[in-house]
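# Breakdown of the fold
What follows is each chain in one-letter form.
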Amino acid sequence: MAATSSGTATVTLPSDKQILITREFDAPKHLVYKAWTTPELVKRWWHANRGEVTIAEIDLRVGGMWRYVSVTADGFEVGFHGEFREIVPNERIVSTEVYEGIPDAEEHAALNILTLTEVDGRTTLTVLVEHPTKEGRDAHINAGMEAGMQDAMDLLEQVASSLR
Amino acid sequence: MARAATTADAFNAVAEPRRRQILDALAGGERPVNDLVRVLGLAQPQVSKHLRVLREVGAVDVRDEGRQRLYRLNGHALKPIHDWVKTYERSWSERFDQLDVVLEELKQKEEGNGSDE
């Protein structure tokens, strides 16, 4: 991985409807905010090494929409979009998130709360994902399970080709 | 790979706060139903209903000893949840490793430009 890596993300499940993601970065919070909210920059990191971000649209204002679409190497396309509800520059963004891959997606919109806290030039980022219903979180979990299957297949492929 | 949203699923089984309370209580060891009724402060039929859901997904095992039914935790059935969290975590870790690279560039650019944001 990148030499500048500051550690791995930690994911916890604070309640049956929530997911909390935490990570520390070796950069001041205004730069983390910039990388989080600038489409050209989002395209460079959001793909999680699983393919390419083909669309990153961010209308950064309360009531504005965002939409990301990424395509994996084998052509699997996933899209997410939502609306900004609250914006405190460099510190906090509250937005909705709809996973487009499920039926009645809009009804299952999650609320994402991003917070950035800076200490001595380092920034702790947290994303709290709140689902309105158990079904919503289940759908999110199922999406994760499918991604997990995809990972497993990728690994299998790597192992198989290393045997050649 | 789409999974039906039924209670016969470890995720759904632990989505109910009372059922998580039962799992917590059983984490300390095997217990009879009466114990669980007391710990949860619920009526026995309700506790039995939750135990049935947990048994269906294999999260708890039961055995009879004399006139008592003893329940114990089976952590193995909860592994899909653990695995899912790990998968999700890995995906975000990879994303953030890329973000580190972007941030390093932004930092260098900013230093190069002096006070310019």
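Residues numbered from 1 in each chain as written. Chains lettered and ligands numbered in written order. Predicted model: local features only at pLDDT ≥ 70, side-chain atom pairs only at ≥ 80, totals over all residues.

### With respect to the nonpolar core
Burial of nonpolar side chains together is a common tendency in soluble globular proteins. We apply this condition: Here, a nonpolar core denotes buried Ala, Val, Leu, Ile, Met, Phe, Trp, Tyr and Cys residues that are linked to one another through C-beta atoms within 7 Å. Here a residue counts as buried when 20 or more other C-beta atoms fall within 10 Å of its C-beta, as exposed when 12 or fewer do, and as partly exposed in between; the C-beta atoms come from the backbone. Numbering of helices and strands starts at the N terminus; helices are DSSP runs of H or I of at least 4 residues and strands are runs of E of at least 2. By the convention adopted here, residues make contact when the C-beta atoms placed from their backbones lie within 7 Å.
Counting residues in each nonpolar core, the largest one holds 27 residues, and the members touching the most others are Val11(A), Val32(A), Ala35(A), Trp92(B), Leu99(B) and Leu103(B). Within the residue set of this core, elements represented by two or more residues are β2 (18–25), α1 (29–37), α2 (39–45), β7 (110–119) and β8 (122–130) of chain A together with α5 (79–112) of chain B. If one sorts the elements of this core by residue count, α5(B) sits on top with seven residues. When near neighbours in sequence (up to four residues on either side) are disregarded, Val32(A) contacts Phe25(A), Ala27(A), Leu116(A), Thr123(A), Leu125(A) and Leu103(B). Leu36(B), Val47(B), Leu54(B) and Tyr71(B) belong to the second-largest nonpolar core, a separate cluster that totals 16 residues.

### Notes on the environment of Gly82(A)
Residue and element names in this part refer to chain A. Its location among the elements puts Gly82 in strand β5 (residues 77–88). The spacing of Gly82 and Ser95 is 13 residues in sequence and 6.5 Å in space, taken between C-alpha atoms. Residues in contact with Gly82, not counting those within four places in the same chain, are Trp66, Ser95, Thr96, Glu97, Val98 and Ala109.

### Overview of α5(B)
Each α-helix winds once per 3.6 residues, and so residues spaced three or four apart point in a common direction. Our working rule: By definition here, a helix of n residues has an expected span of 1.5 Å times n minus one.
Counted at 1.5 Å a residue, the expected span for α5(B) with its 34 residues is 50 Å, and the 49 Å between its end C-alpha atoms agrees. All buried positions along α5(B) are accounted for by Trp84(B), Thr87(B), Tyr88(B), Ser91(B), Trp92(B), Ser93(B), Phe96(B), Asp97(B), Leu99(B), Asp100(B), Val102(B) and Leu103(B).

### Some remarks on the sheet that holds strand β4 (residues 65–72) of chain A
All names here are of chain A. The test is simple: A strand pair is defined by DSSP finding two or more bridges across the two strands. Note on definitions: angles span 0 to 180 degrees between N-to-C directions of axes, and those axes are lines fitted to C-alpha atoms, for helices only across the stretch in contact.
As summarised here, the arrangement of the eight strands in space is β1-β2-β8-β7-β6-β5-β4-β3, forming an open sheet in which the pairing is antiparallel. Either end of the sheet is taken by a strand with one partner, and the two such strands are β1 (10–12) and β3 (51–58). Averaged over all neighbouring strand pairs, the angle between strand axes comes to 20°, with direction disregarded. As paired elements, β5 and strand β6 (residues 92–99) share six bridges and run antiparallel to each other.

### Looking at the confidence of the model for chain B
Using the following cut-off: The score called pLDDT rates the predictor's confidence residue by residue, from a low of 0 to a high of 100.
When pLDDT is averaged along chain B, the result is 83, and 90% of the positions lie at 70 or above. Counting interchain partners and residues more than four positions distant, the pLDDT-below-50 stretch residues 1–6 of chain B has nine contacts.

### A few points about the pairing of strand β3 (residues 68–73) of chain B
Residue and element names in this part refer to chain B. Where strand β1 (residues 31–32) lies against β3, two bridges are found, and the strand directions are antiparallel. Directly across from Arg31, in β3, lies its bridge partner Tyr71. As judged from the six bridges shared by strand β2 (residues 60–65) and β3, these two strands associate in the antiparallel manner. The residue bridging Glu65 from the neighbouring strand is Gln68, located in β3.

### So, α1(A)
Along α1(A), the positions that sit buried rather than exposed are Lys29(A), Leu31(A), Val32(A), Tyr33(A), Ala35(A) and Trp36(A). Contact partners of the buried residues in α1(A): β2, α2, β7 and β8 of chain A together with α5 of chain B.

### Some remarks on the environment of Asp35(B)
Secondary-structure assignment places Asp35(B) in helix α3 (residues 33–40). The partly exposed category is assigned to Asp35(B), around which 16 C-beta atoms lie within 10 Å.

### So, the pairing of β6(A)
Residues and elements named next belong to chain A. In sequence, β5 turns back onto β6 through a hairpin of three residues, with Asn90 there showing a positive phi of about 70°. Strand direction decides the pairing type here: β6 and β7, joined by six bridges, are antiparallel. Looking across to β7, one finds that Ile93 is bridged to Leu114.

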